[in-house]
2 protein chains.
Amino acid sequence: MMEKHGCECCAGRSPAEPDGVKTYCPVETTLGLIGGKYKALIVWRLMEGPLRFSQLSKIVKCASPRMLTRQLRELEADGLVSRRAYAEVPVRVEYSLTRMGESIYPILAAMYRWGSGYLAEQGKSVGCAMRPPQDEPAGSSGL
Amino acid sequence: MMEKHGCECCAGRSPAEPDGVKTYCPVETTLGLIGGKYKALIVWRLMEGPLRFSQLSKIVKCASPRMLTRQLRELEADGLVSRRAYAEVPVRVEYSLTRMGESIYPILAAMYRWGSGYLAEQGKSVGCAMRPPQDEPAGSSGL
DNA sequence: CTGAATCCAGGAAGATACTG
DNA sequence: CAGTATCTTCCTGGATTCAG
C-alpha cells in the first residue's frame, strides 16, 4: 500500500534504500494513515465507542457504501480499526478502534484546535461532523 | 482551492451550506494544508530558518522544480510560507515561515513522535529527510 | 537561478446497480 | 444489513522542455 519509488527525501510512504532496507518517514506515515477521505472523521467518532456500518453511514452521510468500506478496510489493514462481524440475521458488523487507533486521538485533537485557530484567523467558520475535542489533562493543553 | 460539493459530513475543504454560509472542518483543513506532497518536509525544514529555492531543491531531492514551486505556492497562498524575491543577478528567492507556519510545528512534531512509535510497532525503520523534533518544554511532552 | 508551460499516467473518489 | 461490482471522472503528481 502506497508503494512509491525510493528516494531518501520523500522516504515517507515506503522507498527502498540502496542497501535494500526500507525506511519510512514518521510524519508521512501518520499523514498517510489519517489522510484518506473520511478517515479522520471515522476515527474521531469511533473514539466514543464501537459503531456499526449503518451508523457510520449516517455519520459520513455523503460517503457511498463503497467508499466507506474502502476507508474502513484501509484503517483495518493499518491496524487502527478492528472489524467484528456477528453471525446473526440480519448481519451485524461493528467497528472499533484498536489501542493504536485510540492512541492517535491527541494528534487529531491538536489538529482540531490548531485548525480552529487557523480558520478563525482566515475569517472562516467552523462546522463539521466531528465534535470538539475534550480538554486534555492539564499539562498537555499547552500544545 | 479544494472546492468540493457541500455536505455537512465532509465539510472539510469548503462546502456550501444550504443557507450559503460556508463552514470548514478544522481537522480536514489542517490535513489539507500539510497533506500535500513534500509540504510537511518543506515546513519542517523552514523551521530552522529561511531557505532559498535551490537549497530546498537539494533537500527535497526528488521533487521536480515544477512540483516544488507548486507546493511552495500553495503554502504561500495558505499563509504558512512567505516568499521574498531579491532583485539581484542572478535572482535570489528566499522562503520562510509565517507566524502561522511556525505555529504548526507542535503538530508536526507530535506526528513525528507518534509515527515513530507506530513504525516501531510495525517493525519498520525510520528514515527521512526530516530531523527528529526537539524536546518540547516540559509539560507538553506528554502528548 | 528560479521558475513557467505542456503533456501524460495513475490513483483516489463519485455514481449507480446489484447481492449473500 | 453490510457490503460488491463496474464504470467514469477528477486530481495529484511525474517528465520534459523552455524562459526571464
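Residues numbered from 1 in each chain as written. Chains lettered and ligands numbered in written order. Predicted model: local features only at pLDDT ≥ 70, side-chain atom pairs only at ≥ 80, totals over all residues. Heavy atoms only, no water.

## Focus on the interface of chain A and chain B
Step number 1: Taken together, the contact between chain A and chain B spans 58 residues of the former and 58 residues of the latter.
Step number 2: With both sides pooled, the region where chain A packs onto chain B buries about 4800 Å², and carbon together with sulfur makes up 71% of that total.
Step number 3: On inspection of chain A and its partner chain B, the count reaches 0 salt bridges.
Step number 4: Across the chain A-chain B interface, the total number found is 14 residue pairs in polar contact (both at pLDDT 80 or more).
Step number 5: Where strand β5 (residues 125-126) of chain A and strand β1 (residues 23-24) of chain B come together, 2 bridges link them in parallel fashion. For Ser125(A), the partnering residue across the bridge sits in β1(B) and is Thr23(B). (Contact = heavy atoms within 4.5 Å. Buried area = accessible area lost by both parts, 1.4 Å probe. Salt bridge = Lys/Arg side-chain N within 4 Å of Asp/Glu carboxyl O. Polar contact = N/O pair within 3.5 Å; in protein donor to acceptor, adjacent residues only side chain to side chain. Pairing = 2+ DSSP bridges. Helix = DSSP H or I, 4+ residues; strand = E, 2+ residues; numbered from the N terminus.)

## A closer look at the UniProt feature "domain: HTH hxlR-type" (unreviewed entry) in chain A
Step number 1: UniProt annotation of "domain: HTH hxlR-type" (unreviewed entry) refers to residues 25-123 of chain A when read in the numbering used here.
Step number 2: A helix fraction of 59% and a strand fraction of 14% characterise residues 25-123 of chain A, whose end C-alpha atoms lie 34 Å from each other. (UniProt positions renumbered as here; feature names shortened; annotations may be inferred.)

## Overview of the packing of aromatic side chains
Step number 1: Per the counting criterion, the structure on display carries 6 aromatic pairs over all chains.
Step number 2: Seen in terms of ring centroids, Trp44(A) and Tyr105(A) are 5.5 Å apart; in terms of plane orientation they differ by 40 degrees. Their pairing is tilted. One end of the pair, Trp44(A), is in helix α2 (residues 39-46); the other, Tyr105(A), is in helix α6 (residues 105-121), with 61 residues separating them in the sequence.
Step number 3: Residue Tyr105(A) is classed as buried on the basis of its relative accessible area, which comes to 17%.
Step number 4: Grouping aromatic residues by their ring pairs yields a cluster made of Trp44(A), Tyr105(A) and Tyr112(A).
Step number 5: The ring of Tyr86(A) carries Arg92(A) above its face, with NZ or CZ at 3.9 Å from the centroid.
Step number 6: Its guanidinium or amino end placed over the ring of Tyr24(B), Lys124(A) lies 5.0 Å from that ring's centre, counting from NZ or CZ. (Phe/Tyr/Trp six-rings, centres within 6.5 Å; stacked < 30°, edge-to-face > 60°. Buried < 20%, exposed > 50% of the residue type's maximum accessible area, 1.4 Å probe, protein only. Lys NZ or Arg CZ within 6 Å of the ring centre and 35° of its normal.)

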